[in-house]
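Coordinate inspection notes
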Amino acid sequence: MDRSKGKIIINGGKPLNGEITVSGMKNAAVGILFATILTEDKCIIENLPDISDVNVSLSILEGIGVKVTKLDKNTVEIDSSEVTPGIAPYELVSKMRASYYLIGAELGRFGRAFVGLPGGCDFGVRPIDLHIKGFEALGCEVKVDGGYIEATTEDGQLHGNSVYMDVVTVGGTINVMLAAVKAEGITVIENAAHEPHIVDTANFLNACGADISGAGTDVIKIRGVKKLHGCTHAIIPDMIEAGTFMILAAATGGTLKVSNLIPKHMESVTAKLCEMGVQIDADEDALVVSRGPGPLKKINVKTLPYPGFPTDMHPQMCVLLCLANGLSHLTESVWDSRFRYVEELKRMGAKITISGRTAEVDGVPHLCGASVRAVDLRAGSAMVIAGLAAKGVTEIDEIYHIFRGYEDLIGKLQSVGADIKVVYPKNINYTEIE
Ligand code: EPU
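None of these values were measured; they are calculated from a predicted model.

Reading the values: the criteria
Position numbers for residues start from 1 in each chain and track the written sequence from start to end. Only residues with pLDDT of at least 70 are given local features in this predicted model, and only at 80 or more are side-chain atom pairs given and counted; all residues enter the totals for whole chains, interfaces and linings. Here the side-chain values reflect all heavy atoms present in the structure, with hydrogen atoms and water set aside. Think of it this way: DSSP has to see at least two bridges between two strands before they count as a pair. For the purposes of this entry, the term helix denotes a DSSP run of H or I that reaches at least four residues, the term strand denotes a run of E that reaches at least two, and both are numbered from the N terminus. Lines fitted to C-alpha atoms define the axes, with helix axes restricted to the stretch in contact, and inter-axis angles between N-to-C directions lie between 0 and 180 degrees. Here, patches come from residues exposed beyond 30% relative accessible area and free of salt bridges, joined within 9 Å for like charges and within 5 Å for nonpolar side chains (Val, Leu, Ile, Met, Phe, Trp, Tyr). The accessible surface values rely on the Shrake-Rupley method and a 1.4 Å probe; as for residues, cover is taken only from the protein chains in view. Every case where a carboxyl oxygen of Asp or Glu lies within 4 Å of a side-chain nitrogen of Lys or Arg is listed as a salt bridge. Positive charges come from Lys and Arg alone, negative charges from Asp and Glu alone, with His and the N- and C-terminal ends not counted. Note that the charge is assigned to NZ on lysines, CZ on arginines, CG on aspartates and CD on glutamates. Note on ring pairs: Phe, Tyr and Trp rings are taken, using the six-membered ring of Trp, and paired if centres are within 6.5 Å. Classes follow the plane angle, with under 30 degrees stacked, over 60 edge-to-face and the rest tilted. Only protein chains enter the area calculation, which uses a 1.4 Å probe; residues under 20% of their type maximum are buried, those over 50% are exposed, and those in between are partly exposed. Domain extents, as shown, originate in an automatic or database domain assignment. Contacts are residue-level and defined by heavy atoms, with any inter-residue pair within 4.5 Å sufficient. The quantity reported as buried area is the accessible area (1.4 Å probe) lost by two parts once they are put together, taken as the sum for both. In the analysis that follows, any N or O atom pair within 3.5 Å is treated as a polar contact, provided that within protein one partner can donate a hydrogen and the other can accept it, and provided that, for residues neighboring in sequence, both atoms belong to side chains. Side-chain classes follow a simple rule in which Ala, Val, Leu, Ile, Met, Phe, Trp, Tyr, Cys and Pro form the nonpolar group, Asp, Glu, Lys and Arg form the charged group, and the remainder, Gly included, forms the polar group.

**Some remarks on the sheet that holds strand E6 (residues 113-116)**
- Taken in spatial order, the three strands line up as E6-E8-E7 in an open sheet, and their pairing is antiparallel. Edge positions in the open sheet fall to E6 and strand E7 (141-145), since each of these has one partner strand only. When the angles between neighbouring strand axes are averaged without regard to direction, this sheet yields 15°.
- Pairing of E7 with strand E8 (residues 148-152), which is carried by five bridges, proceeds in the antiparallel orientation. When the sheet's bridge partners are listed, valine 142 is paired in E8 with alanine 151.

Okay, structure coming up:
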């Protein structure tokens, strides 16, 4: 089905109540799927979210010869015994950001890579210079030409080295890890990103026989090994999906038990919500979130690399700040340009002024339903939160962005009482409505 044509229709203003379960983490899944080509043995990946970025990743893998067998909706067996480097279909690679992991993975397996440049959400300039700097430090010659990136080595072997990341980069850290895992000698990544998906990718690689230590800290040490073997690995829960549901509970005024999350990963989001007066109770692998007594308090938020407040929670948090009492400030410090959603929120009655990298958000008593666009993935989930909290009907266009990263969002929201549906134009089969 052509999901690009659908619209989400929300009849908002109802508190949501019940339990909502978090799926596997998109940004861990995409790293680990490409990492599977580092071994010739079979891997089983569990808790894989059923989202379009994962499905595109699987199609890219199939395009280079990998055998993918779906064991169930969230489990795949991956057989990378026969892989041809350099032939990944450009139209798939350019659809998503994380296809850049194919560069590190092809380098790790074959000592050479030829991959189209990645796509993904539009946050302004999204360079991969630090990935390239890392590959060069490991002995590769890298050329970017005609929309492709080509990395080669003289003898088909990468050599361990020290790699300093000038900026904390999630993708750069994982990509250098993939390239270095079978390099000769030791690689040390300094100023590495700390995100949980980096730890999950390292855990997967170690389960395949890699020797990686320090993932989750500033310094990751990778001792090259000759060969990796297969393994079974379950993807960690998606902290951004979990945070999206936590904010949803606070915005709509109900009580949501957000289950299958790792509370430690949620600490920055939990702290900021508590500062706003939101009630959060921990319950093993769940957090129970409700609006709490009194109005939401104004706060200041700045996005930062983990363990700071995640940039991928920025637009969702902005919606909540719109509903707080007074003037809040939201500063984006990871991406140059993440405010494209603001014009959409203004259509719903939000009062937001952008000044440089900071949004000044003046709380309003309530948002009003309107026709808006999902300008990117997290902006899209912010529109869903805004629509569910708003009075009246909201229509969201360009919803394919949302399905890149949220598994069964509509079904999950309906199960906690949301009046939400997807409709497709008349020439598309309505029986396939999500
Ligand atoms: N940067 C450079 N040079 C590089 C790489 C990054 O200057 O070579 C800069 C970027 O311009 C940015 C900062 O470093 O200012 C951080 O970028 P990072 O490399 O960490 O981002 P990414 O790997 O491209 C991942 C997630 C994004 C998330 C960011 C930040 C994946 C597939 N994507 O992107 O997730 O926003 O980290 O946490 O893991 C999303 O899921 O919606 C999403 C956009």
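Let's pick the thread back up.
**Things to note about a negative patch on the surface**
- Taken together, the side chains of Glu136, Glu141, Asp145, Glu150, Glu154, Asp155 and Glu184 present a region of like negative charge at the surface.
- Looking at the secondary structure, you find glutamate 150 in strand E8.

**Looking at the packing of aromatic side chains**
- Enumeration according to the criterion identifies three aromatic pairs in this entry.
- Pairing tyrosine 90 with tyrosine 148 gives two aromatic rings, centres 5.2 Å apart and planes at 45°, and the pair type is tilted. A residue pair is termed long-range when its members are at least 10 positions apart, and tyrosine 90 in helix H3 (residues 90-93) and tyrosine 148 in strand E8 qualify at 58 residues.
- On the numbers, 4.8 Å between centres and 0° between planes, the contact of phenylalanine 114 with tyrosine 148 is stacked.

**Things to note about unusual backbone geometry**
- Going from tyrosine 306 to proline 307, the amide bond is cis rather than trans, its omega being 10°.
- Within the secondary structure, proline 307 sits in the loop between strand E17 (300-302) and helix H10 (314-322).
- In this structure, glutamate 398 takes a positive phi of about 60° despite not being glycine.
- As for its position among the elements, glutamate 398 is in the loop between strand E22 (392-397) and helix H13 (400-403).
- With a phi close to 45°, aspartate 408 is a non-glycine residue in the positive phi region.
- Turning to its location among the elements, aspartate 408 is positioned in the loop between H13 and helix H14 (409-415).
- Overall, aspartate 408 belongs to the partly exposed group, its relative accessible area being 36%.

**Looking at the domain arrangement of the protein**
- When its domains are assigned, the protein resolves into domain 1 (3-23 + 237-432) and domain 2 (26-234).
- Facing 23 residues of domain 1, the contacting portion of domain 2 comprises 21 residues.
- The junction of domain 1 with domain 2 conceals about 1900 Å² of combined surface from both sides, 53% of it contributed by carbon and sulfur atoms.
- When the area that domain 1 buries against domain 2 is broken down by residue, the three leading residues are Trp335, Arg404 and Glu407, summing to 37%.
- Counting across the interface, domain 1 meets domain 2 through two salt bridges.
- A salt bridge links arginine 404 to aspartate 53; its shortest N-O distance comes to 3.0 Å.
- Run the count over domain 1 and domain 2 and you get eight residue pairs in polar contact (both at pLDDT 80 or more).
- Classifying every residue of the side of domain 1 that touches domain 2 by side-chain character gives nine nonpolar, five polar and nine charged.

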